[in-house]
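Structural overview for review
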Amino acid sequence: MRVPTEQELQADVARAGRIDAITAMLNVICRVTKMRFAAVARVTENRWIACQVRDELGIGLEPGGELEIETTICNEIRQHGQSVVIDHVALDPHFCRHPIPAKYGFQSYISLPIVLPDGEFFGTLCALDPLPAKVSSAETFGMFKLFAELVAFHYDAQKKIDANAALLVDERHNADLREQFIAVLGHDLRNPLAAISAGSRVLMKQQLDDQSQDVLTLMQGCIRRMTGLIDNVLDFARGRLGGGLSLDRNAKEPLEPTLLHVIDELQTAWPDRMIDLSLGAIGRVDCDRARVGQLVSNLLSNALLHGAPRAPVRVAARIEDNQLAIDVSNSGEPIPAAVLDKLFSPFVRMSSEPHGLGLGLYIASEIARAHGGTLTATSSPEETRFMFRMRLAAAGLERRVRRRAG
């Protein structure tokens, strides 16, 4: 059996000392049995420490006080796990010559082991008096047995409360760290990058030689990539550490301009690639347009990166079957089945993307989930397709029907 540390022992004693029910039990014991000393003790192989005490004899033992373990009968109880009940020491064949009753001067004594729900021996519930007392009766012994079980129950419950309180403190500390982490991502990293981006745009307007222009173009590409990485990490931190992605949903503006802006932005970043857009009449949809644009941007970036270089990437957005449906597809090598199964998990990267964080598709799936929608993927030698589906709100349907009827 592992010997508890000093810190653990003091925590045990303090925990039992905070249980008001133990105080009430000790008072009842003294009133019912007429014994004038009762205590709950934490007992180990080398320590006897009082947790709570009812002392009407003036012995002077207080909570936290200790007795030498070898001078207590509780040490024997710890060893054999059995109760000790003595009505009258002088008439007891075993204890009449025992040194411990003589040392402390008691004639009546009762002590029961306190065993916790997990089977661990905690200590003892004991009472004693210099005068004889009838403590071996079934009623008195039954009361002590019940009280010992109640002490174990209350101690175990208090220990769980203390553990939960410690977890709460840790969680509050972690929450503070999460807020600081998100603040660093949102401010301390973005602001310097924005300054670099602004500076490089100013330089690109100057009369520079071809080599300098190439360097600035490369810098702009790195800035865009770094901005995307920061946005992805920030969204990951908010989604997994900060309580989920936040949405600003409304149906005030049509969705088409947002999608067109995303396509134009990525076409500028990938001037040598063909993006084939099929855009149906979508109109106003109750969604966070910026987040839906981010979802499409992540999917389209993924398709441009992994698709066949000379084949177009196809984007189709429409309203069908009472749903907003957006598909992004590309030709090229199919995604392996083992990767496809965990494609929307964080930090999953394709072999052709050794330097990415593997967060783009995860964040796209979180955006879909936050909207109450789904994001799925299929992959074959002919085509890899990502499909976003979001059911439309009833109010949006009614507005669309009224517009068509008018």
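Computed from a predicted structure; not experimentally measured.

1. Remarks on the overall build of the protein
Assigned secondary structure in the protein consists of 11 helices and 11 strands. Counting every position in the protein, which comprises 406 residues, the buried fraction comes to 40%. Sequence separation of at least 24 residues holds for 65% of the intrachain contacts in the protein that already meet a minimum separation of 6.

2. Some words on unusual backbone geometry
Positioned with a positive phi, aspartate 321 is a non-glycine residue whose angle comes to about 50 degrees. Take aspartate 321: it is sitting in the loop between β8 (313–320) and β9 (323–330).

3. Quick word on the sheet that holds strand β1 (residues 37–43)
Pairing in this open sheet of six strands is antiparallel, and the strands run β3-β2-β1-β6-β5-β4 from one edge to the other. Looking at which strands have only one partner, the edges of the open sheet turn out to be β3 (66–67) and β4 (84–86). Across eight bridges, strand β5 (residues 108–115) lies against strand β6 (residues 121–129) in antiparallel orientation. What sits directly across from proline 113, in β6, is threonine 124. Helix-sheet contacts for helix α1 (residues 6–17) involve β1, β2 (48–55) and β6, and the interaxial angle to β2 is about 20 degrees.

4. Overview of the nonpolar core
Residues Leu295, Leu299, Leu300, Leu324, Ile326 and Phe388 are the most contacted members of the largest nonpolar core, which totals 39 residues. At the level of elements, α7 (256–269), α8 (289–306), β8, β9, α10 (360–370), β10 (374–379) and β11 (384–391) are the ones that each hand at least two residues to this core. With seven residues, the top contributor of residues to this core is α8. If near-sequence neighbours (up to four positions away) are discounted, leucine 299 is found in contact with Val328, Leu361, Ala364, Leu375 and Phe386. Counting residues in hydrophobic clusters, the runner-up holds 30 residues, among them Val13, Ile110, Leu125 and Val135.

5. A short note on the packing of α8 against α10
Across the interface, α8 lies against α10 with an axial gap of 9 Å and an inter-helix angle of 150 degrees. At the point where α8 passes α10, the crossing takes the left-handed sense. Packed against α8, whose contacting residues are Arg291, Val292, Gln294, Leu295, Asn298, Leu299 and Asn302, the element α10 presents Gly360, Leu361, Ile363, Ala364, Ile367 and Ala368 at the interface. Taken together, the residues that form the contact of α8 with α10 break down as eight nonpolar, four polar and one charged.

6. Brief notes about the packing of aromatic side chains
Aromatic ring pairs are reported here in terms of the distance separating the ring centres and the angle at which the planes meet. On inspection of all chains with the given rule, the structure shows three aromatic pairs. When the ring of phenylalanine 106 is compared with that of tyrosine 109, the centres are 5.1 Å apart and the planes differ by 25 degrees; the resulting orientation is stacked. Aromatic side chains phenylalanine 344 and phenylalanine 386 sit 6.1 Å apart centroid to centroid with 80 degrees between the ring planes, which places their arrangement in the edge-to-face category. Taken together, the residues phenylalanine 344 in the loop between α9 (337–340) and α10 and phenylalanine 386 in strand β11 connect sequence positions 42 residues apart. Phenylalanine 344 gets classed as partly exposed once you look at its relative accessible area, which sits at 21%. For the cation-ring pair, lysine 103 lies above tyrosine 104, with the distance from its terminal atom to the ring centre recorded as 5.8 Å.

7. Some words on α10
Because an α-helix packs 3.6 residues into every turn, residues spaced three or four apart end up facing the same way. Most of α10 is tucked away, with nine of its 11 residues classed as buried. Regarding α10, the residues found buried are Gly360, Leu361, Tyr362, Ile363, Ala364, Ser365, Glu366, Ile367 and Ala368. Looking one or two residues beyond α10, the residue adopting positive phi is glycine 372, at roughly 75 degrees.

8. Some words on the sheet that holds β10
Strand order in the open sheet formed by five strands is β7-β8-β9-β11-β10, with mixed pairing between adjacent strands. Since the sheet does not close on itself, it has two edges, and those belong to β7 (275–279) and β10, each with one partner. Here the strands of the sheet are splayed against their neighbours by 15 degrees on average, with no regard to which way each runs. Packed on one face of the sheet, α7 meets β7, β8 and β9 and runs near 175 degrees to β7. Together, β10 and β11 form the strand contacts of α10, whose direction differs from that of β10 by roughly 135 degrees.

Reading the values: the criteria
Residues numbered from 1 in each chain as written. Predicted model: local features only at pLDDT ≥ 70, side-chain atom pairs only at ≥ 80, totals over all residues. Heavy atoms only, no water. Helix = DSSP H or I, 4+ residues; strand = E, 2+ residues; numbered from the N terminus. Buried < 20%, exposed > 50% of the residue type's maximum accessible area, 1.4 Å probe, protein only. Contact = heavy atoms within 4.5 Å. Pairing = 2+ DSSP bridges. Axes fitted to C-alpha atoms, helices over the stretch in contact; angles between N-to-C directions. Core = buried A, V, L, I, M, F, W, Y, C linked by side-chain atoms within 4.5 Å. Left-handed = near helix turned anticlockwise from the far one by under 90°. Nonpolar A, V, L, I, M, F, W, Y, C, P; charged D, E, K, R; others polar. Phe/Tyr/Trp six-rings, centres within 6.5 Å; stacked < 30°, edge-to-face > 60°. Lys NZ or Arg CZ within 6 Å of the ring centre and 35° of its normal.

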